[in-house]
Structure formats: structure tokens, C-alpha cells
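Each chain, written out:
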Amino acid sequence: MAPRIFFRVPLVCTNCGTLNEARTIDLSSSLGNDPEWTYAEPGEALDVAPEELEDEFLLLRRSDGARTIAIELWVCGSCKLYSPARLEFRTRTPRVIEFVGAIAVPALTRDVLDEANFVTRKIEEWTPRPGEDALRIEELRRRI
Ligand SMILES: [Zn+2]
């Protein structure tokens, strides 16, 4: 299994409003092959081919350019609730993607899922909230 990479970005929890510092944030995905490599800051290049994202995430639609959007779930250090984050990657070479940054998204709405290329497999544990795209979330959960 690929090592877990923590994405070091500060995010404000959309549930309780607490700022989670970049250094301690619980936002990670299993990516790449380097066991020594444990975190990525915005602008950092990762030795990961764009298609390797398909090992970790569920594919919604292939990216038609250099930009790839993936939805990952993170845990707030204060209220301990899961919420979604929108990760952005940029393809630099066929073997390297750059971690551009991440923002917190309040809900998995249709617009958020329409824009994303990938969704975390942790969606399996997600219970749709009012206003979210419950149908598509259910579909995605069935693909796990
Ligand atoms: Zn919180």
C-alpha cells in the first residue's frame, strides 16, 4: 500500500469554525512509493503519475487538462467531525503532479461533485446531509 501523505494546508472547519493549522491537520491520502515522504505543502511536486490517483480515489471523470480536482475527507482536530476538502493537483510531467492546494468545502453538493475528477474511497462512510447530492453519493458508495 502506498504511504500516507499529509497535505499541509490550513483549513477552517465548516462544522465548528476552528482553524486547523497546516502542520497538524488531519488531511491525507495514500499516494506514491516513497515511505520516507510523509507530507506535501502547496506548490510541492509529487512523484506520482496522474493515473496513479485512480489507485487511491474513485474516478468521476478524467481531467481534460493539467488540472485535477480530488475530494478527500479530513477530520477537524476540535470537533472531530469529518468534512470534505477539495484538493487541487496540476500535471507537470507524465510522472509528476504538483499539489497546488486545498480548500474546505461545506457540503458534497452537485456543483462540487460536477467539478471533481476524483472522490476519496472514504465516501463509503459518508452519510449525505440535506442539500447534498445524495443520489450520486449513494452511487459512489456502491462502487467501493
Ligand atoms: Zn470542527
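Every residue gets a number counted from 1 within its own chain, in the order that chain's sequence is written. In keeping with the model being predicted, local features are shown solely for residues with a pLDDT of at least 70 and side-chain atom pairs are shown and tallied solely at 80 or more, while totals for entire chains, interfaces and linings include all residues. In computing side-chain values, all of the structure's heavy atoms are included and hydrogens and water are not.

Some words on the sheet that holds strand β7 (residues 57-59)
Rules: At least two DSSP bridges between two strands are needed for those strands to be called paired. Labels follow the DSSP assignment, with helices taken as runs of H or I lasting at least four residues and strands as runs of E lasting at least two, numbered in each case from the N terminus. Interaxial angles span 0 to 180 degrees and are taken between N-to-C directions of axes, which are lines fitted to C-alpha atoms, for helices over the stretch in contact.
Spatially, the 6 strands line up as an open sheet ordered β6-β10-β9-β8-β11-β7, and their pairing is mixed. Each edge of the sheet is formed by a strand with only one pairing partner; in this case those strands are β6 (44-46) and β7. Here the strands of the sheet are splayed against their neighbours by 35° on average, with no regard to which way each runs. In this structure, β6 lies alongside strand β10 (residues 96-104), joined through 3 bridges in antiparallel fashion. Bridge assignment links Leu46 to a residue of β10, and that residue is Ile97.

What to know about the pattern of salt bridges
To keep things clear, this is the line we draw: A pairing counts as a salt bridge when a side-chain nitrogen of Lys or Arg comes within 4 Å of a carboxyl oxygen of Asp or Glu. We call a residue buried when its accessible area falls under 20% of the maximum for its residue type, exposed when it is over 50%, and partly exposed in between, using a 1.4 Å probe and counting protein chains only.
Scanning the model with the defined rule gives 10 salt bridges in all. When the shortest N-O distance is used, the salt bridge between Glu52 and Arg95 registers 3.6 Å. Taken together, the residues Glu52 in the loop between β6 and α1 (53-56) and Arg95 in the loop between β9 (82-93) and β10 connect sequence positions 43 residues apart. Residue classification places Glu52 among the buried positions, given a relative accessible area of 17%. Assessed through its relative accessible area of 52%, Arg95 is described here as exposed. Linking Glu115 and Arg67 is a salt bridge whose minimum nitrogen-to-oxygen distance equals 3.4 Å. Placement of Glu115 in helix α2 (residues 110-115) and of Arg67 in strand β8 (residues 67-75) is noted, with a sequence separation of 48 residues between them. Taking relative accessible area as the criterion, Glu115 reaches 33% and is therefore assigned partly exposed. Three or more residues are tied together by salt bridges with common partners; here these are Arg67, Arg86, Glu88 and Glu115.

Some remarks on the packing of aromatic side chains
Put simply, the rule reads: Only the six-membered ring of Trp is used, alongside the rings of Phe and Tyr, when aromatic pairs are assigned; centres must lie within 6.5 Å, and planes under 30 degrees apart are stacked while those over 60 apart are edge-to-face, with the rest tilted.
Enumeration over the complete set of coordinates arrives at 4 aromatic pairs. Ring centres of Phe7 and Phe89 lie 6.0 Å apart, and the angle between their planes is 70°; this geometry places the pair in the edge-to-face category. You can see Phe7 sitting in strand β1 (residues 4-7) and its partner Phe89 sitting in strand β9, a full 82 residues away along the chain. Residue classification places Phe7 among the buried positions, given a relative accessible area of 0%. The class of Phe89 is buried, set by a relative accessible area of 0%. Grouped by ring-pair contacts, the aromatic residues Phe7, Phe89 and Phe99 constitute a single cluster.

Here's the deal with the sheet that holds strand β4 (residues 28-30)
On the basis of which strands lie adjacent, the open sheet formed by 3 strands has the order β4-β1-β5 and mixed pairing. Of all the strands in the sheet, the pair left with one neighbour each is β4 and β5 (39-40). Both β1 and β5 contribute to a ladder of 2 bridges, which runs parallel. Residue pairing for β5: Phe7 is matched across the bridge by Ala40.

Overview of unusual backbone geometry
The phi dihedral of Lys80 falls on the positive side, at around 65°, and the residue is not glycine. The residue Lys80 is located in the loop between β8 and β9 in this model. By relative accessible area, Lys80 is classed as exposed at 58%.

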